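# Breakdown of the fold
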Amino acid sequence: ANGNIILMDSDYIVIALLRSHQFEADVTVKVNEVYPIAYTTNINSDQTIHVLPADEFLDWANRKLVESEQQHPVPVESPEEAGPVDKKDRKRRRRHLTVKQLLLGQDSGLAVCGPDIIEHCVLSAGLSPSQRLD
């Protein structure tokens, strides 16, 4: 059975855990020891977290929004061509990019953090991860 629950303080000292774990012969996860972050990250040597000034980030986000709109255009049909359209069908045709989707994009520089960390950060900033970008 895989899985573990580890409680740490702000300095990554393990306070409690369900089961100890050994990454290597000399690297283990134990109570009252520093958690070995380097052994659990998904970041490879070619993946880094990018830090952009606010104006550059906004330019990038606007470009991604335009790309998304071009990839998923809302079809424009005259009422005569379209026929009856129910609400579910209308929602299926319209695809909006959300804050979380934007930040999870491979070129965001943050995708390596994973969806849970990104969602936590977005919520901590007082935003909704499911907020649509229009």
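Relevant structure appears above.
Heads up: these notes are all about the structure in this document.

The rules behind the values
Residues numbered from 1 in each chain as written. Predicted model: local features only at pLDDT ≥ 70, side-chain atom pairs only at ≥ 80, totals over all residues. Heavy atoms only, no water. Helix = DSSP H or I, 4+ residues; strand = E, 2+ residues; numbered from the N terminus. Contact = heavy atoms within 4.5 Å. Areas by Shrake-Rupley, 256 points an atom, 1.4 Å probe, with all protein chains shown as cover. Core = buried A, V, L, I, M, F, W, Y, C linked by side-chain atoms within 4.5 Å. Buried < 20%, exposed > 50% of the residue type's maximum accessible area, 1.4 Å probe, protein only. Salt bridge = Lys/Arg side-chain N within 4 Å of Asp/Glu carboxyl O.

## Observations regarding the overall build of the chain
Check the secondary structure of the chain and you find 5 helices and 6 strands. Reading the secondary structure of the chain in the N-to-C direction produces β-β-β-β-α-α-α-β-α-α-β. By sequence separation, contacts in the chain at least 24 residues apart represent 35% of the contacts at least 6 residues apart. For the chain, the accessible surface area stands at approximately 10500 Å², while carbon and sulfur atoms represent 53% of it.

## Considerations on the nonpolar core
With 5 residues, the main nonpolar core is built from W60, A61, L65, L97 and L102. Element by element, the count of residues in this core is highest for helix α1 (residues 54–71), at 3 residues.

## So, the pattern of salt bridges
Between side chains of opposite charge, a pair can form as their charged atoms come close. Applying the stated criterion across every chain yields a total of 3 salt bridges. Note that D107 is salt-bridged to K64, the shortest N-O span being 3.1 Å. Of this pair, D107 sits in the loop between α4 (99–104) and α5 (115–124) while K64 sits in helix α1, placing them 43 residues apart in sequence. Here D107 falls in the partly exposed class, since its relative accessible area comes to 41%. For the salt bridge of E119 with K100, the shortest nitrogen-to-oxygen distance reads 2.7 Å. Placement of the pair is E119 in helix α5 and K100 in helix α4, with a sequence separation of 19 residues. Three or more residues are tied together by salt bridges with common partners; here these are K64, E67 and D107.

## Points about unusual backbone geometry
In this structure, Y12 takes a positive phi of about 65° despite not being glycine. Looking at where Y12 falls in the secondary structure, it is placed in the loop between β1 (6–8) and β2 (14–17). In this model, N32 sits at a positive phi of 70°, which is unusual for a non-glycine residue. Positionally, N32 belongs in the loop between β4 (27–29) and α1.

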